Amino acid sequence: MEGMSTIVKKVTQLMAGIIFMYGIYIILHGHLTPGGGFAGGAIVAGAFILLILAFGSSALNLKKEVSGTSNVESVAILIVLLLALMALLFGIKVFFFNYLPKGEPGELVSAGVIPLYNIFIGIEVAAAILTIFLALVIFKEESSK
Amino acid sequence: MELTISIILGFMIIGAIYALHAKDLLSAVVAMGIVGYGLVICFLLLKAPDLAIVQIVVETITLVIMVAVVLDSTRDEIAVTFDRRSIINMVTGLIVFAALFYFFILAIGNLDPLGSHTLRMSESYVNGAVEKTGSVNLVTGVLFDFRAYDTLGEAVILYTAALGVLTLLRMKGKK
């Protein structure tokens with residue numbers, strides 16, 4: 001898949017970082033403002049998809065990227081499961097129990113494990129959407145060769 | 001507000017019907033975009049910004065992927081032939097539609113007004129969520145504390161979907 005015109009490439013260079021940072025913001029502030037792991041992960045994946053569409057998969061050397069994103073996705077969902085399992089060791093020993101101190105509601109570092117769940121669910125969603133997109137784009141090229 | 005939502009829903013129905021009958025597949029994909037973005041405006045009017053963010057991002061990504069697929073493969077729809085069998089199908093469809101519509105009319109009289117809840121559980125979710133979870137955003141509190149199993153299920157569904165796409169699209173087997 002080849003890239004697009006110079007205008008699209010330049011605008012993408014300016015915008016992709018901002019979109020990526022907005023996704024990170026949505027994930028980190030998931031327990032304070034609307035949004036969370038799913039929305040932020042989709043936005044982060046959108047930033048990468050924008051880059052890939054604008055610059056083309058050949059310019060970014062994306063041949064082995066598929067297994068990379070799929071590994072990231074597997075590790076992220078494994079960490080979510082481990083975080084939930086660790087609740088069996090602390091407190092009232094219930095799966096998915098919120099075992100960390102809650103802090104003051106409204107602060108960035110508060111709500112116990114919920115921000116951690118948000119972060120890893122966000123990584124998982126971003127990697128999953130990116131994996132599906134790359135599979136649709138790259139495997140077609142490899143099979144047509 | 002119900003009038004606004006009704007107008008948007010009407011546009012969404014028109015877009016969906018047009019997407020079924022468009023000759024050009026690219027315009028069908030764009031007409032499906034009307035459905036998705038209309039849903040975003042409906043979510044915003046019904047005061048659900050969490051859902052609106054997810055819907056607008058997922059809709060955009062889906063449109064991009066669908067447009068890429070249409071541009072890569074073909075833009076023409078398969079020609080439909082009209083024979084006796086399709087008449088039987090249409091009559092069956094109309095009968096099922098009439099039956100479903102009748103029961104829908106019957107059921108809608110027993111519904112509560114929009115926005116009111118009847119379950120005892122939702123009362124305790126809404127009232128004591130901040131003290132129980134520490135999360136100011138009630139939706140995240142429900143998603144990751146009260147209903148964390150649901151969230152785990154959704155994440156596993158996405159994981160399985162990515163695995164399925166990788167498996168189905170792998171043309172060359174691993175050596």
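It should be emphasised that the depicted structure is a prediction, and the values quoted were computed from it without experimental measurement.

Its location among the elements puts Asn118(A) in helix H4 (residues 114-144). Ignoring any residue separated from it by four or fewer positions in sequence, one finds Asn118(A) in contact with Ile27(A), Gly30(A), His31(A), Gly36(A), Gly37(A), Thr140(B) and Phe144(B).

Let us look at the interface of chain B and chain A. On the side of chain A, 46 residues touch chain B, which itself brings 38 residues to the contact. Summed over both sides, the interface between chain B and chain A buries roughly 3600 Å², with carbon and sulfur atoms accounting for 79% of that surface. Only helix H3 (49-72), helix H5 (120-133), helix H6 (138-146) and helix H7 (148-169) of chain B provide two or more residues apiece to the side of chain B that touches chain A. When residues in the side of chain B that touches chain A are grouped by element, the largest group, 14 residues, is from H7(B).

The subject of this paragraph is a nonpolar patch on the surface. Residue and element names in this part refer to chain A. Together, Met4, Ile7, Val8, Val11, Leu14, Met15, Ile18 and Leu50 make up a nonpolar patch on the protein surface, roughly 730 Å² of accessible area in all. Structurally, Met4 is set in the segment before helix H1 (6-28). A residue is classified by how much of its surface remains accessible, and Met4, at 45% relative accessible area, is partly exposed.

Our next topic: the confidence of the model for chain A. Residues of chain A with pLDDT of at least 70 account for 84%, and the chain-wide mean is 79. Per-element averaging of pLDDT across chain A places H4(A) at the bottom with 79 and H1(A) at the top with 88.

Taking 1.5 Å per residue as the helical rise, H3(B) with its 24 residues ought to reach 34 Å, and the 34 Å between its terminal C-alpha atoms agrees with that figure. Within H3(B), the full set of buried residues consists of Asp50(B), Ala52(B), Ile53(B), Gln55(B), Val57(B), Glu59(B), Ile61(B), Leu63(B), Ile65(B) and Val70(B).

In this structure, Ile49(A), Tyr117(A), Ile121(A), Ile129(A) and Phe133(A) are the most contacted members of the largest nonpolar core, which totals 42 residues. Secondary-structure elements contributing two or more residues to this core are H1, helix H2 (37-55), helix H3 (65-86) and H4 of chain A together with H3 and H7 of chain B. Those residues within four positions of Phe133(A) in sequence are excluded, and the remaining contacts are Ile49(A), Ile52(A), Leu53(A) and Ile65(B).

Okay, the environment of Ala39(A) next. If you trace the backbone, Ala39(A) turns up in helix H2. For Ala39(A), a relative accessible area of 2% corresponds to the buried category. Put simply, Ala39(A) and Val125(A) are 86 residues apart on the chain and 8.7 Å apart in space, counted from C-alpha to C-alpha. Ignoring sequence-local partners within four residues, the contact set of Ala39(A) consists of Ile26(A), Ile53(B) and Val54(B).

Calculation criteria
- Residues numbered from 1 in each chain as written.
- Chains lettered and ligands numbered in written order.
- Predicted model: local features only at pLDDT ≥ 70, side-chain atom pairs only at ≥ 80, totals over all residues.
- Heavy atoms only, no water.
- Helix = DSSP H or I, 4+ residues; strand = E, 2+ residues; numbered from the N terminus.
- Contact = heavy atoms within 4.5 Å.
- Buried area = accessible area lost by both parts, 1.4 Å probe.
- Patch = residues over 30% accessible without salt bridge, like charges linked within 9 Å, V, L, I, M, F, W, Y side chains within 5 Å.
- Areas by Shrake-Rupley, 256 points an atom, 1.4 Å probe, with all protein chains shown as cover.
- Salt bridge = Lys/Arg side-chain N within 4 Å of Asp/Glu carboxyl O.
- Buried < 20%, exposed > 50% of the residue type's maximum accessible area, 1.4 Å probe, protein only.
- pLDDT = per-residue confidence, 0-100.
- Expected span 1.5 Å × (residues − 1).
- Core = buried A, V, L, I, M, F, W, Y, C linked by side-chain atoms within 4.5 Å.

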